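Residue strings, one per chain:
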There are 2 protein chains.
Amino acid sequence: MTRAPQKRRLETRARLLSVAEGIAAQRGYAGLRAEEVVSLAGVAKGTLFSHFKDMDGLLAVLIGGKVMMLLDKMEQAAPPQTPAQICALLNDQLEFVARERVIFDVLLRYSGVTAAQAEEVISEGFMRQVRILEGWIDAMQKAGTIRSDQPASMLAEGIQGFLNHVLAVWFCAEHETGDTPQAALEPYISAWLVT
Amino acid sequence: MTRAPQKRRLETRARLLSVAEGIAAQRGYAGLRAEEVVSLAGVAKGTLFSHFKDMDGLLAVLIGGKVMMLLDKMEQAAPPQTPAQICALLNDQLEFVARERVIFDVLLRYSGVTAAQAEEVISEGFMRQVRILEGWIDAMQKAGTIRSDQPASMLAEGIQGFLNHVLAVWFCAEHETGDTPQAALEPYISAWLVT
DNA sequence: AATATAAATTGACCATGGTCAATAATAATC
DNA sequence: GATTATTATTGACCATGGTCAATTTATATT
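This structure is a prediction, so every number in the text was calculated from the model and none was measured.

S.K.: Help me understand the overall build of chain A in this model?
M.R.: Broken down by element type, chain A carries nine helices and zero strands. Across chain A, helices and strands are ordered from the amino to the carboxyl terminus as α-α-α-α-α-α-α-α-α. Expressed along its principal axes, the backbone C-alpha trace of chain A runs to roughly 60 × 45 × 25 Å. Across the 195 residues in chain A, those meeting the buried criterion constitute 48%. For chain A, contacts bridging at least 24 residues in sequence account for 64% of all contacts bridging at least 6. Side chains of chain A carry 19 positive and 23 negative charges; the gap between the two charge centres is 10 Å.

This is the structure we're talking about:
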């Protein structure tokens, strides 16, 4: 049987996260160095890796937190009534992920449908997003403004696919094309949801 | 003006690739170690990185080669006439990518719409695949078996999005769900192409 | 053939993530 | 409060990718 973590451990973890967040805010997530985090947090290197499986694990917690905040906002907003409004509500999220390739990478890696590790805030966020989308879509289906030949869950997951797709293209194209991910998303969503 | 590469360089490159391919065939792409490749190829470490930007660059060339072979096969096959047949033709590709997460990662990273580096076989493969899909879809649109309210190019790119989506889910779920990527793909494609 | 210029390769060197036996701090038991 | 068991932390150590000034090899020029 595993015991609850001691107070000291929780404090250490909080310090590591807060330091890491500070660095990330300044130099970006990709700019995080294990050495720097532990030195600023005043702990040894091994401690970091006893709290997080690896650097990606740390990133996942940081990024997962941000995503949760964005989802909170999404949930509070008035439900969309058109595909275009769905896109508008996904704007912030798209903008956040588009900021750094490593965000996209981490989200894609840890956004499992099934949460294996407890620490994986990301899986949770992923599932939560699908649920939100599903709710919206369900309401729109009942209103008759979009197709109803497919279950809402499938349409919702499809939207996540398109989200990832436009982001992938965004990063691959190295921002050469003027198209933002937001602009690229709309046609897909519209075409996906048409009656 | 940059000169054409000398014979020696081409030989070295070929040896590096062949050695790397051998190791990959045995231990998987993720099992490639720079030290091992150069030692088996009989060159110094720096040589490898003068031929390829980094290990991912080497992987990209190896994987890009395989993808090209799969595309050859796809091109030779009889054009599909239903969404299900499209999926069937994408089977091999899906199976190849599903084999190792690192394949998916490399493809996603380098599958840019615009090829920056000459060496990026992957971008080329990516574009070629869209063209093939576009050809199929165009024919099916003319035959009236699928929707025609969207340009073939958009539908083709959407399919690539779904491909990546089911692969992402596949790797995230750690193969827990019995669903293969192939099985997961079909509903999306059907729903995407319906009239 | 001797010399000059450019291409190709080398390997010592560094940066960074990650490990793990040893130690310190905390909680449980007597 | 002394003893034992468990949890938390430590930091020397390793693995691996990647760099770059120096060196060797090939090509052009005289």
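Now that the structure has been shown, the text picks up again.
S.K.: Looking at this structure, I do not really get the protein's contact with DNA strand D. What am I missing?
M.R.: Close to DNA strand D lie 23 residues, the nearest being T12, A44, G46 and T47 of chain A together with M55 of chain B. A distance of 3.4 Å separates a phosphate oxygen of DNA strand D from a polar atom in the side chain of R33 of chain B. Between DNA strand D and the protein, one listed contact pairs a phosphate oxygen with a backbone N or O atom of A34 of chain B at 3.0 Å. Put simply, the parts of the chain that give the surface near DNA strand D at least two residues each are α1 (7-27) and α3 (45-51) of chain A together with α3 (45-51) of chain B.

S.K.: I tried to follow the interface of chain A and chain B on my own but got confused; where do I start?
M.R.: Quoted interface sizes are often the accessible area lost when the parts come together. Contact with chain A, which involves 29 residues of that partner, is made by 29 residues of chain B. When the buried area of chain A at its contact with chain B is split by residue, R109, C172 and Y188 of chain A rank highest and sum to 20% of it. Applying the counting criterion to the chain A and chain B interface returns two salt bridges. Note that R109 of chain A and D105 of chain B form a salt bridge whose closest N and O atoms lie 2.7 Å from each other.

S.K.: Quick question: what am I supposed to make of the relation of the copies chain A and chain B here?
M.R.: Both copies of the chain are related by one operation, a rotation about an axis with a shift along it. It takes a turn of 180° to lay chain A on chain B, together with a shift of 0.0 Å along the axis; the resulting RMSD is 0.0 Å. What we have between these two chains is a two-fold relation. Both copies share a contact surface, since 100% of the interface residues of chain A are interface residues in chain B too.

S.K.: Just to check I follow, could you spell out the protein's contact with DNA strand C for this structure?
M.R.: Lining the immediate surroundings of DNA strand C are 23 residues, of which M55 of chain A together with Q6, T12, A44 and T47 of chain B lie closest. Atoms of DNA strand C within 4 Å of the protein: sugar and phosphate make up 73%, bases the balance. Residue Q6 of chain B places a main-chain N or O atom 2.7 Å away from a phosphate oxygen belonging to DNA strand C. Taking T12 of chain B, its side chain carries an N or O atom lying 2.3 Å from a phosphate oxygen of DNA strand C. Within the residue set of the surface near DNA strand C, elements represented by two or more residues are α3 of chain A together with α1 (7-27) and α3 of chain B.

S.K.: So what exactly am I meant to see when it comes to the domain arrangement of chain A here?
M.R.: Residues and elements named next belong to chain A. Split into domains, chain A comes out as domain 1 (1-51) and domain 2 (64-193). Its C-alpha centre places domain 1 at a distance of 29 Å from the equivalent point of domain 2. Listed by partner, the interface residues are five residues for domain 1 and six residues for domain 2. For the domain 1 and domain 2 pair, buried surface summed over both sides reaches about 400 Å², with 50% attributable to carbon and sulfur atoms. In this assembly, domain 1 and domain 2 are joined by one salt bridge. When the shortest N-O distance is used, the salt bridge between E21 and K66 registers 3.9 Å.

S.K.: Hey, could you run me through the pattern of salt bridges in this one?
M.R.: Working definition: two side chains of opposite charge can pair if their charged atoms are close together. With the rule as written, the count across this model stands at 26 salt bridges over all chains. For the salt bridge of D56 of chain B with R109 of chain B, the shortest nitrogen-to-oxygen distance reads 3.3 Å. Of this pair, D56 of chain B sits in helix α4 (residues 55-76) while R109 of chain B sits in helix α6 (residues 101-110), and the two are 53 residues apart along the sequence. For D56 of chain B, a relative accessible area of 24% puts it in the partly exposed group. Overlapping salt bridges, with partners in common, bring together D56 and R109 of chain A together with R101 and D105 of chain B in one network.

S.K.: Got a minute to help me understand the packing of α1 of chain B against helix α2 (residues 34-41) of chain B in this structure?
M.R.: To characterise two packed helices, one gives the angle between the axes of the helices and the distance between these axes. Residue and element names in this part refer to chain B. Axis separation between α1 and α2 bottoms out at 9 Å; the angle between their running directions is 125°. Between α1 and α2, the angle falls in the class oblique. The two elements α1 and α2 meet at a crossing, and its hand is right-handed. Touching R15, L16, V19, A20, I23 and R27 of α1 are E36, V37, L40 and A41, all from α2. Among the residues forming the contact of α1 with α2, the class breakdown is seven nonpolar, no polar and three charged.

S.K.: What is the right way to read α6 of chain B from this model?
M.R.: Given 3.6 residues to a turn, an α-helix orients residues that are three or four positions apart in the same direction. Summarising burial for α6 of chain B: seven of the ten residues are buried, a large majority. Inspection of α6 of chain B places V102, I103, F104, V106, L107, L108 and Y110 of chain B among the buried residues, and these make up the whole buried set.

About the criteria used
Residues numbered from 1 in each chain as written. Chains lettered and ligands numbered in written order. Predicted model: local features only at pLDDT ≥ 70, side-chain atom pairs only at ≥ 80, totals over all residues. Heavy atoms only, no water. Helix = DSSP H or I, 4+ residues; strand = E, 2+ residues; numbered from the N terminus. Buried < 20%, exposed > 50% of the residue type's maximum accessible area, 1.4 Å probe, protein only. Contact = heavy atoms within 4.5 Å. Lys, Arg positive; Asp, Glu negative; His and termini not counted. Charge placed at Lys NZ, Arg CZ, Asp CG, Glu CD. Near = heavy atom within 4 Å. Polar contact = N/O pair within 3.5 Å; in protein donor to acceptor, adjacent residues only side chain to side chain. Buried area = accessible area lost by both parts, 1.4 Å probe. Salt bridge = Lys/Arg side-chain N within 4 Å of Asp/Glu carboxyl O. Least-squares fit on C-alpha atoms with pLDDT ≥ 70 in both. Domains from an automatic or database assignment. Axes fitted to C-alpha atoms, helices over the stretch in contact; angles between N-to-C directions. Parallel < 35°, antiparallel > 145°, perpendicular 65-115°, else oblique. Left-handed = near helix turned anticlockwise from the far one by under 90°. Nonpolar A, V, L, I, M, F, W, Y, C, P; charged D, E, K, R; others polar.

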